[in-house]
Amino acid sequence: MNDEQISATVDRVLSAYGGRSAASSATATVAAGGAPVNAVDGRVDRIIADLLNSAGRGAGEPTGTACTKGGGDGIFDDMNAAVAAAVEAQRSYLLCSLADRRRFIDGIRAAVLQEENLKRLAADAVEETGIGRYDHKLIKNRLAAEKTPGIEDLVTDAESGDNGLMLVEYSPYGVIGAITPTTNPTETIICNAIGMLAAGNSVVFSPHPRATQVSLFLVRLINRALAELGAPANLVVTVSRPSIENTNAMMAHPKIQMLVATGGPGIVKAVLSTGKKAIGAGAGNPPVVVDETADIEKAARDIVAGASFDNNVLCFAEKEIIAVASIADRLLAGMRRSGAHQVTDPEIIRRLERRVLTEKGGPVTECVGKSAAWLLAEVGITVGPEIQLIVMEVGKDHPFVQEELMMPILPLVRVPDVDTAIDVAVEVEHGRRHTAVMHSTNVAKLTRMAKLIQTTIFVKNGPSYAGDGNGGPGYPTFTIAGPTGEGLTSPRSFARRRRCVLVDALNVR
Ligand code: NAD
């Protein structure tokens, strides 16, 4: 509402109470943005206060509603208090316009993209979690802030005919509980906050306890950016001490309408067991198949680039190579030229197994996301900074093949032909339907693998990250929902489908 509209409304109200002189002084105060004057009586003061509250709203909003402005950092000591604040925020957010949503999301993007913030997020994440690479985290955070889709993703379907007009629109769920991983702590919060707010929700984040400080910094940053733009307070909240207990309390809270888990199998199973609408973005174990028709030198370069990106912690990164025997040696030679260190000594492989695998066979937490040089140093081998990846030949039943390691150790399994390679790839992906990669120029075999493996992402002739909008077509996300089927999540994944019908009218054909 602009000053002229406010003035006209105040005039109309005051004409019933006491005349234009009071209206003039009230209007002057409104225009100056100050406190309302005592125009005629208490009722008028209240009316003017409401007008003042609504003066910051964007054009095109519903009249008689208020997109209440906020403040605060969105960080609460208690999960119940965090959820209550997010509930109130979302109610107010319902009355904001789409233009407001766009502004708020642009504000989040801009805050993250400020150079000093980008650098701090990347540096703090590496320091606090001990996972990944500063330079690659810079790229990932930038990608999430720049390219996560916004409100344009919420496309309305319409159908009209003799019986009238039907619209099917994407509406918010309400308050979403979002659980985020250690491996992409800030990227996931950026991407989820943009997507969930674009769909009209508020969000309670439950970060991984080992990423507490960097997550709190980001939530604070987002809240300050939103407050500057006049957004309702507490659209994005979290707790000061993230823990499993707090996550459980959030999942069980009756006011949380939707849960989104980005993490390993345990947390995906937990959200799917709540009885609430849940999105599970779980573990992968992406195989990369290379056949004899591929451009082997390029395949070698792409595999090293994809598998070493952020020290292999991406859920969609190449985790094992299945190579046709006739090109396996050439592929390994190409990888060595592109920054891979090949381990051939069985004793070194055994030492690596002992260092990076737990007794149960999974990855040792301390080794997740460490560099190739760090891992090699642990087994007594010194290499230069040009080494990005460790590669070795093993059988398909080796734990390096079967387990999702999330470190730059990439085993190669040699098989006689491409059909066997595809079968092995399907087997070691374990039916997670996450990501697979294939290097081949044989369209029939590319199609065969895509059909049989059924992964959410299937990258042909490129590094795995090209499947997530990084150097390939399409938008990025850091919440890839294989188990629950949303795929690469975007705002519409966080929205409900609602039908609005106008009977017997507005068909203008
Ligand atoms: P994780 O499962 O250990 O933790 C993820 C989140 O879940 C954390 O916030 C953690 O505190 C919480 N959590 C875990 N178990 C819980 C439980 N029993 N009760 C309550 N909360 C629990 O995973 P991580 O090590 O942080 O991340 C790596 C894993 O996440 C890998 O398996 C990776 O593939 C997967 N991941 C998947 C995607 C995707 O988009 N599909 C993206 C990133 C990571």
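Anything mentioned here points back to the structure above.
Source: prediction; values computed, not measured.

Digging into the overall build of the protein chain
Okay, so step 1: A count of helices and strands for the protein chain gives 18 helices and 18 strands.
Okay, so step 2: Looking at the protein chain residue by residue over its 509 residues, the buried ones come to 54%.
Okay, so step 3: Residue pairs in contact within the protein chain that sit at least 24 positions apart in sequence constitute 72% of those at least 6 positions apart.
Okay, so step 4: Accessible surface, the protein chain as shown: approximately 21000 Å² in total, 51% of it carbon and sulfur.

Observations regarding the packing of helix H5 (residues 98-113) against helix H8 (residues 185-198)
Okay, so step 1: Packing of H5 against H8 leaves a shortest axis separation of 9 Å and a crossing angle of 170 degrees. Taken together, the axes of H5 and H8 are roughly antiparallel relative to one another. Only Ile 190, Ile 194, Leu 197 and Ala 198 of H8 make contact with H5, whose side of the interface consists of Arg 101, Ile 105, Ile 108, Arg 109 and Val 112.

Points about empty space enclosed by the protein
Okay, so step 1: A complete count under the given rule lists one cavity of 30 Å³ or more for this structure.
Okay, so step 2: Its volume calculated, the largest cavity comes out at about 40 Å³.
Okay, so step 3: If you go around the largest cavity, the residues you meet are Ile 139, Lys 140, Leu 143, Phe 309, Phe 316, Tyr 465, Asp 468, Asn 470 and Phe 478.
Okay, so step 4: For the lining of the largest cavity, a count of residues per class yields six nonpolar, one polar and two charged.

Quick notes on the packing of aromatic side chains
Okay, so step 1: The tally for this structure, following the rule as stated, stands at two aromatic pairs.
Okay, so step 2: Ring centres of Phe 309 and Tyr 465 lie 5.0 Å apart, and the angle between their planes is 55 degrees; on these two criteria the pair is classed as tilted. One end of the pair, Phe 309, is in the loop between helix H12 (296-308) and strand E10 (320-324); the other, Tyr 465, is in the loop between strand E15 (457-460) and strand E16 (480-481), with 156 residues separating them in the sequence. Summarising the burial analysis for this pair, Phe 309 and Tyr 465 share the class buried.
Okay, so step 3: Here the basic side chain of Arg 101 rests over the ring of Tyr 93, its NZ or CZ set 5.8 Å away from the ring centre.
Okay, so step 4: In this structure, Arg 497 is placed above the aromatic ring of Tyr 170, and the distance from its NZ or CZ to the ring centre is 4.6 Å.

Structural notes on the site of the ligand
Okay, so step 1: Taken together, 28 residues lie around the ligand, and Thr 180, Thr 182, Gly 282, Glu 404 and Ile 480 are the ones closest in.
Okay, so step 2: Backbone polar atom of Thr 180 to an oxygen atom of the ligand: 2.7 Å apart, as the coordinates give it.
Okay, so step 3: In this structure, an oxygen atom belonging to the ligand sits 3.3 Å away from a main-chain N or O atom of Gly 263.
Okay, so step 4: For the ligand, whose unbound accessible area comes to 830 Å², protein coverage reaches 85%.
Okay, so step 5: Among the cavities detected, the one that contains the ligand is the largest pocket.
Okay, so step 6: Element by element, the count of residues in the shell around the ligand is highest for helix H10 (residues 244-252), at three residues.
Okay, so step 7: In terms of residue class, the shell around the ligand is made up of twelve nonpolar, 15 polar and one charged.
Okay, so step 8: Both domain 2 (75-151 + 169-282 + 490-498) and domain 3 (287-472) contribute no fewer than three residues apiece to the shell around the ligand.

A closer look at the sheet that holds strand E11 (residues 340-342)
Okay, so step 1: The sheet built from seven strands is open, its strands ordered E11-E12-E13-E10-E9-E14-E15 with parallel pairing. Each having just a single partner strand, E11 and E15 make up the two edges of the open sheet. Going across the sheet, the axis of each strand differs from the next one's by a mean of 25 degrees, ignoring polarity.
Okay, so step 2: Pairing of E11 with strand E12 (residues 389-393), which is carried by three bridges, proceeds in the parallel orientation. In the strand pairing of E12, Gln 342 is matched with Val 391.
Okay, so step 3: Sheet strands in contact with helix H17 (residues 418-428) are strand E9 (287-290), E10, strand E13 (409-415) and strand E14 (435-439), and its direction is about 165 degrees off that of E10.

With respect to the layout of surface pockets
Okay, so step 1: Its boundaries defined by the atoms lining it, the largest pocket holds a volume of some 990 Å³.
Okay, so step 2: What lines the largest pocket is a set of 43 residues, among which His 208, Gly 263, Gly 264, Pro 265 and Met 406 lie closest to the centre.
Okay, so step 3: Contributions of two or more residues to the lining of the largest pocket are made by H10 and helix H11 (265-272).
Okay, so step 4: Taken together, the residues that form the lining of the largest pocket break down as 20 nonpolar, 18 polar and five charged.
Okay, so step 5: Approximately 390 Å³ is the volume attributed to the second largest pocket.
Okay, so step 6: Forming the walls of the second largest pocket are 14 residues, and the residues nearest its centre are Leu 98, Arg 101, Glu 169, Tyr 170 and Ser 171.

A closer look at the pairing of strand E5 (residues 202-206)
Okay, so step 1: When you tally the buried positions in E5, you get five out of five residues, the bulk of the element.
Okay, so step 2: By the alternation rule, side chains of E5 split into Ser 202, Val 204 and Ser 206 and Val 203 and Phe 205, which are all buried.
Okay, so step 3: Where strand E4 (residues 175-179) meets E5, five bridges bridge the pair, whose relative direction is parallel. Directly across from Gly 177, in E5, lies its bridge partner Val 204.
Okay, so step 4: You can see the chain leave E4, run along H8 and come back into E5, and the turn it takes is right-handed.
Okay, so step 5: Bridging between E5 and strand E6 (residues 236-239) involves two bridges; their strand directions are parallel. Bridge assignment links Val 204 to a residue of E6, and that residue is Val 237.
Okay, so step 6: Read as a crossover between parallel neighbours, the route from E5 over helix H9 (residues 212-228) to E6 is right-handed.

The rules behind these values
- Counting from 1, residues in each chain are numbered in the order their sequence is written.
- The model is predicted, so local features are restricted to residues of pLDDT at least 70 and side-chain atom pairs to those at 80 or more, both for listing and for counting; the totals for chains, interfaces and linings are taken over all residues.
- Side-chain metrics in this entry use all non-hydrogen atoms of the structure; hydrogen atoms and water are not considered.
- What counts as a helix is a DSSP run of H or I of at least four residues, what counts as a strand is a run of E of at least two, and both are numbered from the N terminus.
- Relative accessibility under 20% of the residue-type maximum defines a buried residue, over 50% an exposed one, and the middle range a partly exposed one, all with a 1.4 Å probe and only protein chains included.
- Two residues qualify as a contact provided that any one of their heavy atoms is within 4.5 Å of a heavy atom in the partner residue.
- Per-residue accessibility takes into account occlusion by the displayed protein chains alone, with areas from the Shrake-Rupley method and a 1.4 Å probe.
- Interaxial angle, 0 to 180 degrees, is taken between N-to-C directions of lines fitted to C-alpha atoms, where a helix line uses only the stretch in contact.
- Any angle that is under 35 degrees is reported as roughly parallel, and any over 145 degrees as roughly antiparallel; angles of 65 to 115 degrees are reported as roughly perpendicular and all others as oblique.
- Lining residues are those with an atom within 4 Å of a point, where the points come from a 1 Å grid over the protein atoms alone and group into cavities, where a 1.4 Å probe fits but cannot get out, or pockets, open sets with protein on both sides within 12 Å along at least five of seven lines.
- Grid points are joined across faces, edges and corners, and a volume is the space filled by probe spheres set on the points.
- Residues are grouped as follows: nonpolar covers Ala, Val, Leu, Ile, Met, Phe, Trp, Tyr, Cys and Pro; charged covers Asp, Glu, Lys and Arg; every other residue, Gly included, is treated as polar.
- For this analysis, a ring pair means two rings from Phe, Tyr or Trp (six-membered ring only for Trp) whose centres lie within 6.5 Å, classed as stacked if their planes differ by under 30 degrees, edge-to-face if by over 60, and tilted for the remaining angles.
- Ring-over charges, as used throughout, are those where CZ of Arg or NZ of Lys falls within 6 Å of the ring centre and within 35 degrees of the ring normal.
- One heavy atom within 4 Å of a molecule or strand is enough for the residue carrying it to be called near that molecule or strand.
- Polar contacts here mean pairs of N or O atoms no more than 3.5 Å apart (in protein, one a potential hydrogen donor and the other a potential acceptor; neighbouring residues in sequence count only if both atoms are side-chain atoms).
- The way we define it, a molecule is inside a pocket or cavity when more than half of its atoms are within 2 Å of that pocket's grid points.
- The split of the chain into domains comes from an automatic or database domain assignment.
- One bridge is not enough; two strands pair if DSSP finds at least two bridges between them.
- Here the term right-handed applies to a crossover when the path leading from its first strand over the helix to its second strand runs clockwise, the strands being oriented away from the viewer.

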